[in-house]
Structure formats: structure tokens, C-alpha cells
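# Commentary on secondary and tertiary structure
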Amino acid sequence: MGWLILVLIVGAVIWAMISAANLAALQKAEDGTFASNYKGWDYYVSPHNRNVLALNRELGQVALGHVTAPTQYPLGKITQIEVLRDGASITSTNRGSQLAGAAIGGLALGGVGLLLGGLTGSKRNQNTITSIAIKVMVDDGVAPIHSIEFFKSPDKKGTDSQNEFVISAAQKVDHFHALLVNAI
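Description of the structure in this document. Each chain carries its own residue numbering, running from 1 in the written order of its sequence. Thresholds applied to this predicted model are a pLDDT of at least 70 for local features of residues and 80 or more for the giving and counting of side-chain atom pairs; totals over whole chains, interfaces and linings are not thresholded and use all residues. Water and hydrogen atoms play no part in the side-chain values, which are based on all heavy atoms of the structure.

## Digging into the pattern of salt bridges
A side-chain nitrogen of Lys or Arg and a carboxyl oxygen of Asp or Glu constitute a salt bridge if their distance falls within 4 Å. A complete count under the given rule lists one salt bridge for this structure. For Glu82, the salt bridge identified is with Lys135, shortest N-O distance 3.7 Å. You can see Glu82 sitting in strand S5 (residues 78-85) and its partner Lys135 sitting in strand S8 (residues 131-138), a full 53 residues away along the chain. Only runs of H or I of at least four residues qualify as helices and only runs of E of at least two qualify as strands under DSSP, and these elements are numbered from the N terminus.

## With respect to the packing of aromatic side chains
Any two of the Phe, Tyr and Trp rings considered here, Trp counted by its six-membered ring, make a pair once their centres fall within 6.5 Å; the pair's planes then place it as stacked at under 30 degrees, edge-to-face at over 60, or tilted in between. Overall, the coordinates contain four aromatic pairs when judged by the stated rule. Seen from their ring centres, Tyr38 and Trp41 are 4.8 Å apart, and the 90 degrees between their planes marks the pair as edge-to-face. Only protein chains enter the accessibility calculation, which uses a 1.4 Å probe. A residue is then buried if its area is under 20% of the maximum for its type, exposed if over 50%, and partly exposed in between. For Tyr38, a relative accessible area of 8% corresponds to the buried category. Ring centres of Phe150 and Phe176 lie 6.1 Å apart, and the angle between their planes is 50 degrees; on these two criteria the pair is classed as tilted. Residue Phe150 is found in strand S9 (residues 145-152), and its partner Phe176 is found in helix H3 (residues 164-183); the two are separated by 26 residues along the sequence. Just as Phe150 is buried, Phe176 falls in that class too. By the ring-pair criterion, three or more aromatic residues cluster together here, those being Tyr44, Phe150 and Phe176.

Dropping the structure here:
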């Protein structure tokens, strides 16, 4: 009986390893096909949700969607771009608190205080990150919202914001956000 359980466990482990290898090979093939179809484009393929963001400013096109079936849109179809951290937009600014800070700074320190006070709008300090993504909204009645995950923490509590993977993902998000903003 003990041997049967051992054989079942070994079989399950071997099956899991083969499945993981097959999935990795499939994803590598998908990435290769995408890369060959979008040669010369700036692109990112999310390892987390397999969505893509590709941009070709010369052609005035953006490609969004799953790596196996992205949709191309003219840049003029982009209606909004957001950077999301832990599901919340960090590209929005709370103008009320920013203007109040500027007024208080201006009264206290003059012109320099006005600038410094304006930069002290509501901010939150967070030591862990669970996800970083770009959300692109396009004028499309079928698929208007596209979310591309650049980082997803393996731990439900999040990953330290100074972790090399978080920093690398944040840099990639900044790069693609700037490309999109400049393109439109």
C-alpha cells in the first residue's frame, strides 16, 4: 500500500513538471510569434495576465489585448491612460488638497512656499506593493478597457516597494506610460 501511494505521488510530481514545461514552451512560442509580428514596435508582454501593450509611433498605432490575439487601434482611439498601483489610480491628482497646500505655503513662505506647498498634495506612503499595471481605455464598443500587469506580488500581503522586481516593473511602467502620453 505504501508503494502505491509513493508511485502516485511521484506520478503527480512528474505530471506537474511536464505540464509546467509545456506551459512555458507554449508561452515562449506565443511571445516569439508576437515579437515577429510586431518587429520594430515598442512592446511589453505581461507574464502575469499575458496581455500586451505595443506602440508604433511611426504608424500611429497601438496594439492591446491578449498576446495571441491583440487588436490594433489608431493612437487617436486612446481615450484615457492610467497607472494603477494595487488597483488604485496613481496618475490622478487631488486638486483640492494641492491648491490648499499651495495657499498655505504661499502665506507662510512667499513664492517658494507656494511651489513647495503645491507639491505637498495628499500622498500616501506604502511599504508594500501587490500590483502595478497600466490601464488603457480606447474608443471600442467591444473591448474598451485593457489592463496590462507589470507586477503582481506572489505574496497576498505584498512585496517590499524597494524590491528589485518592483523597482524594475515601476521603471517599465514609467517608460510605457511616457511613450503613450507622448504619442497621443
